[in-house]
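# Tertiary structure, described
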Amino acid sequence: MSDDQKLRVSKIHNGTVIDHIAGGQALNVLAILGIDGADGEPISIVMNTPSDRLGTKDIIKVEGRELSEAEVDVLSLIAPAATINIIRDYDVVEKHRVNRPEEVVGVLECPNQHCITTENEPIDSQFEVLEDGVRCAYCDTIIREDLAAHILAG
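Residues numbered from 1 in each chain as written. Predicted model: local features only at pLDDT ≥ 70, side-chain atom pairs only at ≥ 80, totals over all residues. Heavy atoms only, no water.

An unreviewed UniProt entry annotates the chain as Aspartate carbamoyltransferase regulatory chain originating from Halapricum hydrolyticum. Under the UniProt heading Function (unreviewed entry), the note attached to the chain is "Involved in allosteric regulation of aspartate carbamoyltransferase." (UniProt positions renumbered as here; feature names shortened; annotations may be inferred.)

### Re helix α2 (residues 26-33)
Listed in full, the buried residues belonging to α2 are Ala26, Val29, Leu30, Ile32 and Leu33. All buried residues of α2 lie within an arc of 165° about the axis, which places them on one face of the element. Tucked inside the fold, the buried residues of α2 contact β1 (15-22), β2 (43-51), β3 (55-63) and α3 (69-78). In the stretch just after α2, glycine 34 is the one whose phi turns positive, near 70°. (Buried < 20%, exposed > 50% of the residue type's maximum accessible area, 1.4 Å probe, protein only. Helix = DSSP H or I, 4+ residues; strand = E, 2+ residues; numbered from the N terminus. Arc of directions from axis to C-beta. Contact = heavy atoms within 4.5 Å.)

### Thoughts on the pattern of salt bridges
Applying the stated criterion across every chain yields a total of five salt bridges. With a shortest N-O distance of 2.1 Å, glutamate 71 and arginine 65 are connected by a salt bridge. When the shortest N-O distance is used, the salt bridge between glutamate 128 and arginine 135 registers 3.0 Å. Take glutamate 128: its relative accessible area is 38%, and that puts it in the partly exposed class. (Salt bridge = Lys/Arg side-chain N within 4 Å of Asp/Glu carboxyl O.)

### Side note on a nonpolar patch on the surface
On the surface, a nonpolar cluster with roughly 250 Å² of combined accessible area is contributed by Leu27, Ile45 and Met47. Turning to its location among the elements, leucine 27 is positioned in helix α2. (Patch = residues over 30% accessible without salt bridge, like charges linked within 9 Å, V, L, I, M, F, W, Y side chains within 5 Å. Areas by Shrake-Rupley, 256 points an atom, 1.4 Å probe, with all protein chains shown as cover.)

### Points about the pairing of β1
Look at any regular strand and the pattern is simple: side chains alternate between the two faces of the sheet. Counted residue by residue, β1 has seven buried out of eight residues, so it is predominantly covered. In this structure, β1 lies alongside β3, joined through six bridges in antiparallel fashion. Note on β3: the bridge partner recorded for glycine 15 is glutamate 63. As paired strands, β1 and strand β4 (residues 83-88) are joined by five bridges and run antiparallel to one another. (Pairing = 2+ DSSP bridges.)

### Concerning the sheet that holds β1
Taken in spatial order, the five strands line up as β2-β3-β1-β4-β5 in an open sheet, and their pairing is antiparallel. Each end of this open sheet is capped by a strand with a single partner; those strands are β2 and β5 (91-97). Each strand axis lies, on average, 20° off the axis of its neighbour in the sheet, ignoring direction. Along the sheet, α2 makes contact with β1, β2 and β3, crossing β2 at roughly 140°. (Axes fitted to C-alpha atoms, helices over the stretch in contact; angles between N-to-C directions.)

Shown next, in the form of structure tokens:
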């Protein structure tokens, strides 16, 4: 099959392509990045397409938006194999794999109702990134599953 026959979604003029997301995780990636389409930016999502590296993968294309370093750090928590491509004038001008940060600050909500970060104190949540999840720096609560459900509302 030629490359033209494989193209499932058109190229974007300017924006970000997030490739090599584990199959079925694209909607969680959009949630963790706070992208819901309400701003009117075109968003393309390909889910569960064949991948030599992952078996199946998802791809997200967001027109008119380049991800910040903080967004990429959070993205790495649920899509550690992802590749970020920055597109300008239809060309890839920057391409890199995500790197898991040592910690994330102010992006996740601690599930412990007694944690100081959930008690109306002027303090940002802070989580140490573990191999299999994240640990609250204040109360040591560990989150191993469904990180997207703990994202603070933007």
